[in-house]
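What follows is each chain in one-letter form.
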Amino acid sequence: MIQAENLGKRFGTAWVFRSLSFEVLPGQCLVVMGRNGAGKSTLLKTLSGLITPTEGKVSADSAISHSALDQATYSELSPREHLKFFDQTGDPDNWLAQVGLEVQAWDRPCGNLSTGMRARVKLAIALQSKRKILLLDEPSAGIDEAGRAVFASAIQSVLSDRGVVILATNDQLDRRLATHELEL
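The present account deals with the structure reproduced in this document. (Residues numbered from 1 in each chain as written. Predicted model: local features only at pLDDT ≥ 70, side-chain atom pairs only at ≥ 80, totals over all residues. Heavy atoms only, no water.)

1. Observations regarding the packing of helix α4 (residues 115–128) against helix α5 (residues 145–160)
Between α4 and α5, the shortest axis-to-axis distance is 12 Å and the interhelical angle comes to 10°. When the interaxial angle is binned, α4 and α5 end up roughly parallel. Contacts from Arg-120, Leu-123 and Leu-127 in α4 reach Ala-146, Gly-147, Val-150, Phe-151, Ala-154 and Val-158 in α5. Its residues placed into classes, the contact of α4 with α5 shows seven nonpolar, one polar and one charged. (Axes fitted to C-alpha atoms, helices over the stretch in contact; angles between N-to-C directions. Helix = DSSP H or I, 4+ residues; strand = E, 2+ residues; numbered from the N terminus. Parallel < 35°, antiparallel > 145°, perpendicular 65-115°, else oblique. Contact = heavy atoms within 4.5 Å. Nonpolar A, V, L, I, M, F, W, Y, C, P; charged D, E, K, R; others polar.)

This is the structure we're talking about:
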């Protein structure tokens, strides 16, 4: 479970968002919609603790995994090496297969992969963490229709395991994953 109480973030004198209160329970997916610049990424960074709120508070009952569109991958590392870097005890092949990354890409440098393939690597890293709360910022950006199906399946799997997902997007197709919506 993750809960925001009267959450607000201001930069200088401009409020990005203010007085946001919500609770997302196990098995639920909150889709945060809004145009570019509406504050979706700032909200996720605030929920994850990367940014301190100006007002209000966030509480969560477990650790949070945050995957963002602007999260960089190391161009010289392969997808398999990325997953080993973040979890040396896990089986990276399992996670790469789960996100539908083509086997031929597993050992290629991420700098040589398409935007959609790198998005799958980021999703695999987030899923591999096995954290019960996933914050996903524009996770389907650059993903083709086949990738969307894999992405939706991965999210449904997290929700079936009583995980919590908060998904920030401006893509109307991602709305189908929502149990709740928040418009910024």
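After that view of the structure, there is still more to cover.
2. Quick notes on the environment of Arg-148
Checked against the element boundaries, Arg-148 lands in helix α5. Taking the C-alpha atoms as reference points, Arg-148 and Val-99, separated by 49 residues in sequence, lie 9.8 Å from one another. Polar contacts involving the side chain of Arg-148 include one to the side chain of Asp-171, which spans 2.2 Å. (Polar contact = N/O pair within 3.5 Å; in protein donor to acceptor, adjacent residues only side chain to side chain.)

3. Points about unusual backbone geometry
Phi is positive for Ser-19, close to 60°, though the residue is something other than glycine. Positive phi values are uncommon outside glycine, yet Glu-138 reaches one of about 50°. Tracing the sequence through the fold places Glu-138 in the loop between β6 (133–137) and α5.

4. Let's talk about the pairing of strand β3 (residues 29–33)
Where burial is concerned, most of β3 is hidden: five out of the five residues are buried. Burial of β3 is two-sided: the residues Cys-29, Val-31 and Met-33 facing one way and the residues Leu-30 and Val-32 facing the other way are all buried. In the sheet, β3 pairs with strand β7 (residues 164–169) via five bridges, with the strands oriented parallel. Paired with Val-32 across the two strands is Ala-168, which belongs to β7. (Buried < 20%, exposed > 50% of the residue type's maximum accessible area, 1.4 Å probe, protein only. Pairing = 2+ DSSP bridges.)

5. Quick look at the sheet that holds β6
Consider a sheet: its strands pair through backbone hydrogen bonds, and that pairing is either parallel or antiparallel. Taking strand neighbours across the sheet as the criterion, the five strands line up as β5-β6-β7-β3-β8 in an open arrangement whose pairing is parallel. Two strands lie at the open edges of the sheet, namely β5 (64–68) and β8 (180–183), each paired on one side alone. Taken pair by pair, the neighbouring strands of this sheet meet at an average axis angle of 15°, ignoring direction. In the packing of α5 onto the sheet, contacts are made with β3, β6 and β7, and the angle to β7 comes to roughly 145°.

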